[in-house]
Amino acid sequence: MLTLSPTAVEAVDSLLQSPDVPDDAGLRIDTAGDQFTIKIADEPVPGDQVIEEGGARVFVDSEAAPMLDNAELHARMEGNQVAFGLSSIPGENGSPDGA
């Protein structure tokens, strides 16, 4: 399952606190060809994996979820905008797939 870094939790929570964002909204990660898209969504789509941590809600598309099983979402500020990125988390024995 995708995990969230502390900076990602803070960034997502901050984005979702905007007055024009519905209470049940979250950051949705979807696939677009061989890339991922990230956007604010009003609610999860049926089949989405929902990750809630520290006030942050992230919806992961059912097709993207298996690709993000050993990944961590992180965030950094670029000017006045948030840039999200993904990094691999090694498996328990240090290998990417945990085998």
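See the structure shown above.
Throughout this document, residue positions are counted from 1 along each chain, in the order its sequence is written. Totals for whole chains, interfaces and linings use all residues, but because this is a predicted model, local features are given only for residues with pLDDT of at least 70 and pairs of side-chain atoms are given and counted only at 80 or more. Excluding hydrogens and water, the side-chain values take into account all heavy atoms of the structure.

To qualify as a helix, a DSSP run of H or I must reach at least 4 residues; to qualify as a strand, a run of E must reach at least 2; elements of each kind are numbered from the N terminus. The topology assignment puts Arg-57 in strand S5 (residues 56-60). Classification of Arg-57 by relative accessible area gives buried; the value is 17%. A 3.5 Å cut-off defines polar contacts: any pair of N or O atoms within that distance qualifies, except that in protein one atom must be a possible hydrogen donor and the other a possible acceptor, and neighbouring residues in sequence count only when both atoms are side-chain atoms. At 2.4 Å, the side chain of Arg-57 forms a polar contact with the backbone oxygen of Asp-24. Side chain to side chain, Arg-57 and Glu-52 meet in a polar contact 3.0 Å long. Every residue in contact with Arg-57, bar those within four places of it in the chain, is listed here: Val-12, Leu-16, Asp-24, Ala-25, Gly-26, Leu-27, Val-50, Ile-51 and Glu-52. For each residue, the accessible area found with a 1.4 Å probe, counting protein chains only, is set against the maximum for its type, and the residue is called buried under 20%, exposed over 50%, and partly exposed in between. The contact definition used throughout considers only heavy atoms, calling two residues in contact when any of these lie within 4.5 Å.

In this section: the environment of Glu-63. Residue position: Glu-63 is located in the loop between S5 and strand S6 (71-78). A relative accessible area of 57% means that Glu-63 is categorised as exposed.

Buried Ala, Val, Leu, Ile, Met, Phe, Trp, Tyr and Cys residues that are joined via side-chain atoms within 4.5 Å together make up what is termed a nonpolar core. Counting 19 residues, the largest nonpolar core has Leu-2, Leu-4, Val-58, Val-60, Leu-68 and Leu-73 as its most contacted members. The set of elements that each furnish at least two residues to this core consists of helix H1 (6-16), strand S2 (26-32), S5 and S6. Counting residues per element, this core draws most heavily on H1, which supplies four residues. Dropping the residues within four chain positions of it, Leu-68 is found in contact with Met-1, Leu-2, Ile-29, Phe-36, Val-60 and Leu-86.

Here the focus is the pairing of S5. Across the five residues that make up S5, a large majority, five, are buried. Here S5 shows a buried face lined by Ala-56, Val-58 and Val-60 and a second buried face lined by Arg-57 and Phe-59. With three bridges connecting them, S2 and S5 associate as parallel partners. Paired with Ile-29 across the two strands is Val-60, which belongs to S5. For strand S4 (residues 49-53) and S5, the ladder comprises five bridges, and the chain directions are antiparallel. From the neighbouring strand, Glu-53 faces S5, where its bridge partner is Ala-56. A pair of strands is labelled paired if DSSP reports no fewer than 2 bridges between them.

Here we come to the pattern of salt bridges. By convention in these notes, a salt bridge is any Lys or Arg side-chain nitrogen within 4 Å of a carboxyl oxygen on Asp or Glu. Considering all chains together, one arrives at five salt bridges under this definition. Between Arg-76 and Glu-78 there is a salt bridge whose closest N-O contact spans 2.7 Å. Salt bridges here are not isolated pairs; linked through shared partners, they connect Arg-28, Asp-30, Asp-48 and Asp-61.

Function-wise, these values are silent; they only describe arrangement.
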